[in-house]
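One letter stands for each residue in the lines below.
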Amino acid sequence: QVQLVESGGGLVQPGGSLRLSCAASRSIFSIYAMGWYRQAPGKQRELVASISSGGSTNYVDSVKGRFTISRDNAKNMVYLQMDSLKPEDAAVYYCNARIWVRATMAFDNYWGQGTQVTVSS
């Protein structure tokens, strides 16, 4: 199991930047993948970016070239650097940990409480 706590959300003008942080309660070194999801009002939660234990990254097309996900295994932290923000990026952003459970031969997903990102002038 792991507890996740996000921080760094807030209000930013279009074109601005924010860096979201996700603090994990234990080592993330062996966690299969860490990710950032977002959910806007009336919309489904979507995967924004993910990073594997080996450092491979994946992004939804709408944020490619603007967002960067990274992890610091020594600090048990995952980050999402968001640049050139657009109004459509506004949402609650959630940190996710996807952990392989050998006993069940399946993945367990853990979520943080979310942090609000508002992009408006």
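It should be emphasised that the depicted structure is a prediction, and the values quoted were computed from it without experimental measurement.

## Thoughts on the confidence of the model for the protein
In low-pLDDT segments, the atomic positions of the prediction should not be examined closely. A residue-level look at the protein finds 100% of positions with pLDDT of 70 or above and a mean pLDDT of 95. The lowest-confidence element of the protein is strand S10 (residues 106-111), averaging 94 in pLDDT; the highest-confidence one is strand S8 (residues 77-82), averaging 98.

## Overview of the sheet that holds strand S3 (residues 18-24)
A sheet is described by the order of its strands in space; here 4 strands give the open sequence S1-S3-S8-S7, paired in antiparallel fashion. Only two strands of the sheet have a single neighbouring strand rather than two, namely strand S1 (4-7) and strand S7 (67-72). Averaged over all pairs of adjacent strands, the angle between their axes in this sheet comes to 15 degrees, without regard to strand direction.

## Re the pairing of S3
Taking burial as the measure, the 7 residues of S3 include 5 buried ones, the bulk of the element. Strand direction decides the pairing type here: S3 and S8, joined by 6 bridges, are antiparallel. Looking at the pairing, Cys-22 lines up with Val-78 of S8.

## As for the side chain of Arg-71
Take Arg-71: it is sitting in strand S7. We note that Arg-71 is buried and unpaired, the nearest opposite charge coming from Asp-72 at a distance of 8.7 Å. At 3.4 Å, the side chain of Arg-71 forms a polar contact with the backbone oxygen of Ile-51. Within polar-contact distance, the side chain of Arg-71 engages the backbone oxygen of Ser-52 at 2.8 Å. With residues up to four places along the chain from it excluded, the contact list for Arg-71 reads Ile-28, Phe-29, Ile-31, Met-34, Ile-51, Ser-52, Ser-53, Met-77 and Val-78.

## Comments concerning the packing of aromatic side chains
Tallied over the entire structure, the rule returns 3 aromatic pairs. Between Tyr-32 and Phe-107 the ring centres are 4.7 Å apart and the planes differ by 50 degrees, which places this aromatic pair in the tilted class. Highlighted residues: Tyr-32 in the loop between S3 and strand S4 (33-39) and Phe-107 in strand S10, separated in sequence by 75 residues. Measuring from ring centre to ring centre gives 4.8 Å for Tyr-37 and Trp-111, while their planes differ by 70 degrees; the resulting arrangement is edge-to-face. Residue Tyr-37 is found in strand S4, and its partner Trp-111 is found in strand S10; the two are separated by 74 residues along the sequence. Of the residues examined, Trp-111 reaches a relative accessible area of 35% and is grouped as partly exposed. Joined through ring pairs, the aromatic side chains of Tyr-32, Trp-100 and Phe-107 make up one cluster.

Rules behind the numbers
Residues numbered from 1 in each chain as written. Predicted model: local features only at pLDDT ≥ 70, side-chain atom pairs only at ≥ 80, totals over all residues. Heavy atoms only, no water. pLDDT = per-residue confidence, 0-100. Helix = DSSP H or I, 4+ residues; strand = E, 2+ residues; numbered from the N terminus. Pairing = 2+ DSSP bridges. Axes fitted to C-alpha atoms, helices over the stretch in contact; angles between N-to-C directions. Buried < 20%, exposed > 50% of the residue type's maximum accessible area, 1.4 Å probe, protein only. Lys, Arg positive; Asp, Glu negative; His and termini not counted. Salt bridge = Lys/Arg side-chain N within 4 Å of Asp/Glu carboxyl O. Polar contact = N/O pair within 3.5 Å; in protein donor to acceptor, adjacent residues only side chain to side chain. Contact = heavy atoms within 4.5 Å. Phe/Tyr/Trp six-rings, centres within 6.5 Å; stacked < 30°, edge-to-face > 60°.

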